[in-house]
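# Structure assessment
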Amino acid sequence: MTGSFIIEPLGPSHGRTEFMCGVDALDRYFREQAGQDVRRRATACFVAREIATDRIAGFYTLAAGGVLLAQMPLRLAKRLPRYPTLPVARLGRLAVALAYRGRKLGGALLWDAIERAGRSDVAVYALVVDAKDEQAESFYLHHGFVAFGEPSRAFILPLPKKT
Ligand SMILES: CC(C)(COP(=O)(O)OP(=O)(O)OC[C@H]1O[C@@H](n2cnc3c(N)ncnc32)[C@H](O)[C@@H]1OP(=O)(O)O)[C@@H](O)C(=O)NCCC(=O)NCCS
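Just so it is clear, the structure is predicted and the values come from calculations on it, not from any experiment. Along each chain, the written sequence defines residue order, and numbers are assigned to residues from 1. Local features in a predicted model are, by the rule used here, given only for residues with pLDDT of at least 70; side-chain atom pairs are given and counted only at 80 or more, and totals for whole chains, interfaces and linings are based on all residues. The side-chain quantities take in all heavy atoms of the structure and omit both hydrogens and water.

## Re the nonpolar core
Of all hydrophobic cores here, the largest spans 40 residues; its most connected members are F30, Y60, L91, L127 and Y140. Where helices and strands are cited, they refer to DSSP runs of H or I of at least four residues and of E of at least two residues respectively, numbered from the N terminus. A per-element tally of this core places helix α3 (residues 105-119) first, with 6 residues. Residue types Ala, Val, Leu, Ile, Met, Phe, Trp, Tyr and Cys, when buried and joined through side-chain atoms within 4.5 Å, form a set referred to as a nonpolar core. Accessibility here uses a 1.4 Å probe with only protein chains present; expressed as a share of the type maximum, an area under 20% marks a residue as buried, one over 50% as exposed, and anything in between as partly exposed. The next biggest cluster of nonpolar side chains, apart from the first, holds 14 residues, and it includes V67, L86, F148 and I156.

Laid out in structure tokens, this is it:
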């Protein structure tokens, strides 16, 4: 829970048609495609629901993925086992509705994804994202992600080591 919001898996009771984050592709994806992708296990999707109104204030998607060890920044690669690929969780999309911007919801959704990936029983080394533009890039850099691999705009955030 985040203030007056709760972050939960996307379900049939969530109203998606009014979601508007100002990026057409993300709005269209959330309204028209996200539910189907979840049902087909192509991705998981989590939403921030405003408790007082039931409105969806933001969402993110998360799916299993892999990255090549050879693409890792050297300082990370040095500390990793020599397997050709590393298991990661891929943050496919992340958006906050225009009406809810600047209230730390984007950060809360990102933190929720990090925690969720870290709690998984399936091994996840890091959270990975392909930033869609420079603004998204600066958002992920601000939150400690580092650029890696080709094409550029791929960013990685290693999860804390297990104790
Ligand atoms: C990027 C986005 C999710 C941020 O959501 P938000 O709720 O307005 O952001 P927050 O209020 O949670 O900001 C959290 C922190 O990130 C910083 N931040 C927000 N947007 C940023 C940006 N583009 N670049 C750098 N820092 C940014 C804030 O200053 C804040 O910093 P602080 O915690 O040190 O004070 C939102 O602007 C959005 O949905 N944009 C359109 C879709 C998009 O670009 N998605 C990301 C990639 S797919």
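## Comments concerning the packing of aromatic side chains
Centres within 6.5 Å are what make two rings of Phe, Tyr or Trp a pair, Trp counting through its six-membered ring; a difference in plane orientation under 30 degrees is then read as stacked, over 60 as edge-to-face, and the rest as tilted. A complete count under the given rule lists 7 aromatic pairs for this structure. Note on Y140 and F145: the rings are 5.3 Å apart at their centroids and 65° apart in plane angle, and the pair reads as edge-to-face. You'll find Y140 and F145 in the same group, each marked buried. Aromatic ring contacts, followed pair by pair, group F19, F30 and F59 into a single cluster. Any Lys NZ or Arg CZ that is within 6 Å of a ring centre and within 35 degrees of that ring's normal is treated as a charge sitting over the ring. For the cation-ring pair, R116 lies above F46, with the distance from its terminal atom to the ring centre recorded as 3.8 Å.

## Looking at the site of the ligand
The ligand sits among 20 residues. The nearest are L94, V96, K104, G107 and S138. Any N or O atom pair separated by 3.5 Å or less is treated as a polar contact, with the protein-specific requirement of one donor-capable and one acceptor-capable atom, and with residues adjacent in sequence counted only for side-chain atom pairs. K104 is positioned with one of its side-chain polar atoms (N or O) 2.5 Å from an oxygen atom of the ligand. L105 places a main-chain nitrogen or oxygen 3.4 Å from an oxygen atom of the ligand. When the ligand is considered free in solution it has 930 Å² of accessible area, and contact with the protein chains removes 75% of it. Within the residue set of the shell around the ligand, elements represented by two or more residues are β4 (85-96), α3 and α4 (134-142). Of the residues forming the shell around the ligand, the biggest block, 6 residues, is contributed by α4. By convention in this text, a residue qualifies as near a molecule or strand provided that one of its non-hydrogen atoms is within 4 Å of it. Methods summary: accessible areas were calculated by the Shrake-Rupley approach with a probe of 1.4 Å, and residue burial reflects only the protein chains presented.

These values are about where atoms sit, not about what they do.
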